[in-house]
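Report on the structure
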Amino acid sequence: MARVQASDSLIPRQVFEVPPAEPNNSTATADSGSQGSGVKLKKQIGLLDGVAIIVGVIVGSGIFVSPKGVLRFSGSIGQSLIVWVLSGVLSMVGALCYAELGTMIPKSGGDYAYIGTAFGPLPAFLYLWVALLILVPTGNAITALTFAQYLLKPFWPSCEAPIEAVQLLAAAMICVLTLINCYNVKWVTRVTDIFTGTKVVALLVIVGAGVWWLLNGNTEHWDNPFSGGLQDPGYIALAFYSGLFSYSGWNYLNFVTEELKDPYRNLPKAICISMPVVTIIYMITNIAYFSVLSPDEILSSDAVAVTFGDKMLGYLSWIMPFAVACSTFGSLNGAIFASSRLFFVGARNGHLPAAISLINVNCLTPVPSLIFLGVLTLLLLFIKDIYVLINYVSYVEALFTLISVSGLLWMRYKQPKTERPIKVSLALPIIYLIVCLFLVISSCTQTPYVVGIGTIIILSGIPVYYLTIHNPVKWLADTSQAINLWCSKFFICMPNQEKFD
């Protein structure tokens, strides 16, 4: 197997010595013509699949976990609802900015590709580095732990389930979904479609019960909705972190642009359909929560939807934890599918070991990348405080989203003539930058430890970059080559053989 050399350039270098294998299912393709013949990922994600991926990834653990975090740091029901709405609006603004980036740079990898194009290989690698250590596996671990907690709740109704049982069930879920993603992309989209419907049904049950409760005259929680609101900017920033965590995933479709049919049309359409739908669903779901449960009940619950179900559904209360578990199952499925492509693209560009860029010649899925991501996620299951994890993820994600949108403005200045199928108003990225700056700076005053650790992890990527990519140490390069060869044989894989401009 030929070696993929590490390079400062974000233009992938591919050398192939093995002829492509004939694919045996619909997840693969071997095209001929201008792109050449070879093993590569196939464009098979349509508009509805794109909408399902975005909604499926966003509506996961967040809406069932974050209401407690938003209320804790906002202090009142009314202020919490404002945070939820503004978090949705901000996510929509960010998604529109990413629509311009995604259609101007139609490559998989999302922020990694955009930061690399705008600012060069080192900032792109630093994003990949923190995504590797914090963003992706932590987000997936949170979703998996939430799945396990909700599914086990009926068996321990009066107390928390043993942490070992939660971790074991979460680990089993990660392994099953990793296997599905390795085998067939069509299975992935079908699972996403099915469980997206399940989670919407669960939220409609919550909304319906909340409406019934209000119509019966139970409006006491709305008598003074802004009582107790916190005004400190640091607390407001932390409330937004919890709210934005629930909307995280709006940029995941950008990670799989190369597998999206007609990305210039379907990427922005999927964003414009998905984000308003999610914002409306979240708003009315929170109104239902606050109508039925008092602030003290929400703050004392680690499973808000289950507490809601226990109070409203009687002997059918088991439906709620089951539905929430289904919701998080579908969310994690979409997240694994999209985020594994980030590491695949990073390895294809020489910023991770070449083995992670290999594609199975039978299923034509990035099997090593998926397994690598699965192992990282399993390791993070042993961290117990889910809200610390949310703060870590939110700070780093806000910082690099800020950098990506800064890249949009920079490329408007440096590359004004570059074709932009979608060009948003200049006010949108500026507004997004200002808000992200507020969140990043304000969090420094309230969670300096989290910010400090996150910053150290980011900066630790600089020596790693120079030792492994810019001027690689020989023994590391030899080790990477040996791992690449072993993975090629063990997983029956080849490098991606599609040519890129």
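Conventions and cut-offs
- Residues numbered from 1 in each chain as written.
- Predicted model: local features only at pLDDT ≥ 70, side-chain atom pairs only at ≥ 80, totals over all residues.
- Heavy atoms only, no water.
- pLDDT = per-residue confidence, 0-100.
- Helix = DSSP H or I, 4+ residues; strand = E, 2+ residues; numbered from the N terminus.
- Contact = heavy atoms within 4.5 Å.
- Buried < 20%, exposed > 50% of the residue type's maximum accessible area, 1.4 Å probe, protein only.
- Expected span 1.5 Å × (residues − 1).
- Axes fitted to C-alpha atoms, helices over the stretch in contact; angles between N-to-C directions.
- Parallel < 35°, antiparallel > 145°, perpendicular 65-115°, else oblique.
- Left-handed = near helix turned anticlockwise from the far one by under 90°.
- Nonpolar A, V, L, I, M, F, W, Y, C, P; charged D, E, K, R; others polar.
- Polar contact = N/O pair within 3.5 Å; in protein donor to acceptor, adjacent residues only side chain to side chain.
- Salt bridge = Lys/Arg side-chain N within 4 Å of Asp/Glu carboxyl O.

Next up on the list: the confidence of the model for the protein chain. The share of residues in the protein chain with pLDDT of 70 or more is 87%, and the mean pLDDT across the chain is 79. For the protein chain, the element scoring lowest by mean pLDDT is strand β1 (residues 28–29), at 41; helix α4 (residues 111–119) scores highest, at 91. Taken together, the stretch residues 1–37 has pLDDT below 50 and engages in 100 contacts with residues farther than four places along the chain or on a different chain.

Mapped onto the fold, S443 is located in helix α15 (residues 427–446). The exposure class assigned to S443 is buried, which follows from its relative accessible area of 0%. Along the primary structure S443 and S394 are separated by 49 residues, whereas in three dimensions their C-alpha atoms are 9.9 Å apart. Once you skip the residues sitting within four places of it in the chain, S443 turns out to touch A237, Y241, Y395, P448 and V451.

Helical geometry: 3.6 residues make up each α-helical turn, so side chains three or four residues apart lie on a common side. Relative to the 24 Å expected for 17 residues at 1.5 Å per residue, helix α17 (residues 474–490) spans 24 Å between its end C-alpha atoms, a close match to the ideal helical length. Packed against the buried residues of α17 are β3 (358–360) and β4 (493–495). At the C-terminal side of α17, I492 shows a positive phi close to 55°.

The end-to-end C-alpha distance of helix α6 (residues 163–183) is 31 Å, a good match for the 30 Å that 21 residues give at a rise of 1.5 Å each. Listed in full, the buried residues belonging to α6 are V166, Q167, A170, A171, M173, I174, L177, T178, I180, N181 and C182. Looking at the buried positions of α6, the neighbouring elements they touch are α5 (121–152), α7 (185–215), α12 (319–348) and α13 (367–380).

Another aspect to go through is unusual backbone geometry. Positive phi is not limited to glycine here, since I492 has a value of about 55°. I492 gets classed as partly exposed once you look at its relative accessible area, which sits at 45%.

At a minimum axis separation of 8 Å, helix α11 (residues 304–312) and α12 run at an interaxial angle of 155°. As summarised for this structure, α11 and α12 are arranged roughly antiparallel, according to the angle between their axes. Remark: the crossing between α11 and α12 carries right-handed chirality. Counted together, A305, V306 and G309 of α11 and M320, P321 and V324 of α12 form the full contact between these two elements. Looking at side-chain class alone, the contact of α11 with α12 contains five nonpolar, one polar and no charged residues.

Checked against the element boundaries, T328 lands in helix α12. By relative accessible area, which is 0% here, T328 ends up buried. Within the structure, the side chain of T328 is placed 2.9 Å from the backbone oxygen of A325, a separation counted as a polar contact.

Once that is clear, we can look at the packing of α5 against α13. Between α5 and α13, whose axes approach to 8 Å, the crossing angle comes to 75°. Taken as axis vectors, α5 and α13 run roughly perpendicular relative to one another. Two secondary-structure elements touch here, α5 through L132, L133, V136, P137, T138, N140 and A141 and α13 through F372, L373, L376, T377 and L380.

For the structure shown, the criterion picks out five salt bridges. Residues R412 and E100 are paired through a salt bridge, measuring 2.8 Å at the closest nitrogen-oxygen approach. On the criterion of sequence distance, the pair formed by R412 in helix α14 (residues 386–414) and E100 in helix α3 (residues 77–104) is long-range, its members being 312 residues apart. For the pair formed by R412 and E100, the shared burial category is buried. When the shortest N-O distance is used, the salt bridge between D262 and R265 registers 3.0 Å.

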